[in-house]
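# A look at the structure
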Amino acid sequence: MIVTDTHVQTTVPAPPSAPTWHRSAAAPLLTPLGLLTVLLGAALPMIDFFIVNVALPSIDHDLHAGPAMLEMVVAGYGVAYAMLLVLGGRLGDMIGRRRVFLWSLASFGVTSLACGLAPNAWSLVAARVAQGAASALLLPQVLATIQASTTGRRRAKAVSLYGGTAGVSSALGQVLGGLLIAADLAGSGWRAVFLVNVPIAAAAWLLSVRTVPETRSPHPSRVDGPGTALLALALVTLLLPLTEGRAAGWPLWSWVLLGVFPFAAAAFAVVERRAERAGRTPLVPPSLLRIRSVHSGLSLIVPFSVGFGGFMFVVAVALQNGLRYGPFAAGLALAPLCAAYFFASLAGPRLVQRFGRRVVITGSLIQGTGLAALALTVRAGWPDVSVAGLAPGMTVLGLGQGLVLPVLMRIVLSELPVTQAGVGGGVMVTSQQSGLALGVATLGSLFLALVPAVGIRDALLAALLTQLAIVAGTTLLGLRLPRAVR
């Protein structure tokens, strides 16, 4: 991969109190085809976080995995993904975002092939961990490239499309997974959900070489070793026991890790603060989190992602084990959510220019209405709820979510310095990914723990009502967002 000096990003510094950042006239432009290419690269990791949900019963049957190993198939990807996202953003700032994008895209294709060919459960888990690491290096380059090579309305539209891609890909993962398993192409069964990534990653790699401009930070800094290690430790000690503890029967190691988490998190905060005061560049600069758009936006992205991740996991299990849907029907039930989310995300840029933060608050209220409608449908129609019967609630839910997440992403990035595009994008996506993993761990554990006592229907209702409470909280937090969005 050849990096051309004329493509190096330059910026005009502004006072810290009022950061105004512009892309220079000589900086590369991201063409529509280039934008489509990076969005395709962004879709792959997001799809693969959820595509495995509908494949778990088939994996269990074929590889004799068992509940704990199936949890590792999901958790291994999620933990590796969350651990390395900020580091991925920093590497792109340092050595070139297109270069890292190409290397991680190739790695994602190779690790997907390894997943699809895994002969046993342990090799599948190892391949999923490697796939999560490749995803973590891939995804931050997308937002950073958008930030560094677009401006004004083009940037607003690109960020909204990224937000739309994030939500649609998550739901589409389960739809696509169900379709591929039902099709059983050449007898591949569940393996097709991983093998399908290989030609897509290859096509995206070839397109990237021709259409994605090279950008990097004009003042790249060295990797923050202590910060990287402590962030990884904090995320592992939180996410691993929460995702694996229930399936393993909450052994001693899970409680030890949870006990270590607050100390690791506190140590990370202290190390980052000291590094910034000493004039070094920390992995997550505390000054970045003091930008109002960043901290207020992240405070909503985390609970939104907790609810979304938990919902997708719980629904996949409830539809297949409770309503006896096949993989394809379970995926198809989410199609109205996908469509509504996508069209709502397209309307976001125009709406937010006119109504500002009210778009997020309204979207949260619509999302809550959709959850309530689904809860009423499940309560009244169980166990004879059809895909068509779920469609109205799914549509309203997707409409609300499509007005929330893309706008929140735009708000977080609206005041972000271009020189910190990579690390800022990494922090945002780490928050989102950690929230998704926490949602699977918390809402998923709540659901699975209630099933033996109250049955699948009432356990599903409890999970939906818990998410409704989370939505009520995010609606109130929406009042802390900036009134207007740049």
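Attention shifts here to the overall build of the chain. A count of helical and extended segments in the chain gives 17 helices and zero strands. Each of the three principal axes of the chain carries a C-alpha extent, and together these read 60 × 50 × 45 Å. Classification of the 486 residues of the chain by burial places 58% in the buried group. Restricting to contacts in the chain with at least 6 residues of sequence separation, those with at least 24 account for 83%. On the chain, roughly 18,600 Å² of surface is accessible, and the fraction owed to carbon and sulfur atoms is 69%. When the 32 basic and 15 acidic side-chain charges of the chain are each reduced to a single mean position, those positions are 14 Å apart.

Our focus in this paragraph is the packing of helix 1 (residues 32–51) against helix 8 (residues 197–211). Their axes nearest at 9 Å, the elements helix 1 and helix 8 cross at an angle of 150 degrees. Viewed along their axes, helix 1 and helix 8 adopt a mutual orientation that is roughly antiparallel. Judged by the sense of rotation from one axis to the other, the crossing of helix 1 with helix 8 is left-handed. The residues of helix 8 that touch helix 1, namely those facing Leu-33, Gly-34, Thr-37, Leu-40, Leu-44 and Asp-48, are Asn-197, Ile-200, Ala-201, Ala-204, Leu-207, Ser-208 and Thr-211. Partitioning the contact of helix 1 with helix 8 into residue classes produces seven nonpolar, five polar and one charged.

For any part of a model where pLDDT is low, the fine detail of the predicted coordinates should not be relied upon. Across the chain, pLDDT averages 83, with 92% of residues at or above 70. Of all the helices and strands in the chain, helix 6 (residues 152–183) carries the lowest mean pLDDT, 80, while helix 4 (residues 97–116) carries the highest, 95. Contacts of residues 1–25 to residues separated by more than four positions or lying in other chains number 45 contacts, the stretch itself having pLDDT below 50.

Attention now moves to the nonpolar core. Counting 109 residues, the largest nonpolar core has Tyr-162 and Phe-311 as its most contacted members. Looking at this core, the element that brings in the most residues is helix 17 (residues 421–477), giving 16 residues. Filtering out sequence-adjacent residues up to four positions away, Tyr-162 remains in contact with Leu-39, Ala-42, Met-46, Leu-139, Val-142, Leu-143, Ile-146, Met-409 and Val-429. Ranked by size, the runner-up nonpolar core spans 26 residues in total, among them Ala-43, Val-52, Val-73 and Ala-192.

A negative phi angle characterises most non-glycine residues, just as the trans form characterises most peptide bonds. Cis peptide bonds are those with omega within 30 degrees of zero, and the linkage from Trp-382 to Pro-383 qualifies with 5 degrees. Locating Pro-383 in the fold gives a position in the loop between helix 15 (358–381) and helix 16 (387–414). Notably, Ala-186 is not glycine yet its phi reads approximately 55 degrees, a positive angle. Inspection of the secondary structure puts Ala-186 in the loop between helix 6 and helix 7 (192–195). A residue is classified by how much of its surface remains accessible, and Ala-186, at 88% relative accessible area, is exposed.

When you line up the elements, Met-94 lands in helix 3 (residues 67–95). Sequence spacing of Met-94 and Thr-215 is 121 residues, and the spatial spacing of their C-alpha atoms is 9.6 Å.

Turning to helix 1, a few remarks are in order. Over its 20 residues, helix 1 extends 27 Å from the first C-alpha to the last, a length consistent with the 28 Å expected when each residue adds 1.5 Å. Of all 20 residues that make up helix 1, 16 are buried, and the element is covered over most of its length.

Using the criterion set out here, one finds five salt bridges in the structure. In this structure, Arg-191 engages Asp-62 in a salt bridge whose closest nitrogen and oxygen atoms are separated by 3.8 Å. Of this pair, Arg-191 sits in the loop between helix 6 and helix 7 while Asp-62 sits in helix 2 (residues 56–63), and the two are 129 residues apart along the sequence. Asp-62 sits in the partly exposed class, given a relative accessible area of 38%. Its salt-bridge partner being Glu-276, residue Arg-290 comes within 3.9 Å of it at the nearest N-O pair. In this pair, Arg-290 sits in the loop between helix 11 (286–289) and helix 12 (292–322) while Glu-276 sits in helix 10 (residues 252–277), placing the two residues 14 residues apart along the sequence. On the basis of relative accessibility, which here comes to 58%, the residue Arg-290 falls in the exposed class.

What follows covers a positive patch on the surface. Where like charges cluster on the molecular surface, the positive patch consists of Arg-292, Arg-358, Arg-480 and Arg-483. Positionally, Arg-358 belongs in helix 15. Residue Arg-358 is classed as exposed on the basis of its relative accessible area of 52%.

Quick look at a nonpolar patch on the surface now. A surface patch of nonpolar side chains, amounting to about 340 Å² of accessible area, comprises Leu-233, Leu-252, Val-256 and Val-260. At three residues, helix 10 tops the list of elements feeding residues into the nonpolar patch. Tracing the chain through its elements places Val-260 in helix 10. Residue Val-260 is classed as partly exposed on the basis of its relative accessible area, which comes to 31%.

Quick notes on the rules
Residues numbered from 1 in each chain as written. Predicted model: local features only at pLDDT ≥ 70, side-chain atom pairs only at ≥ 80, totals over all residues. Heavy atoms only, no water. Helix = DSSP H or I, 4+ residues; strand = E, 2+ residues; numbered from the N terminus. Buried < 20%, exposed > 50% of the residue type's maximum accessible area, 1.4 Å probe, protein only. Contact = heavy atoms within 4.5 Å. Areas by Shrake-Rupley, 256 points an atom, 1.4 Å probe, with all protein chains shown as cover. Lys, Arg positive; Asp, Glu negative; His and termini not counted. Charge placed at Lys NZ, Arg CZ, Asp CG, Glu CD. Axes fitted to C-alpha atoms, helices over the stretch in contact; angles between N-to-C directions. Parallel < 35°, antiparallel > 145°, perpendicular 65-115°, else oblique. Left-handed = near helix turned anticlockwise from the far one by under 90°. Nonpolar A, V, L, I, M, F, W, Y, C, P; charged D, E, K, R; others polar. pLDDT = per-residue confidence, 0-100. Core = buried A, V, L, I, M, F, W, Y, C linked by side-chain atoms within 4.5 Å. Expected span 1.5 Å × (residues − 1). Salt bridge = Lys/Arg side-chain N within 4 Å of Asp/Glu carboxyl O. Patch = residues over 30% accessible without salt bridge, like charges linked within 9 Å, V, L, I, M, F, W, Y side chains within 5 Å.

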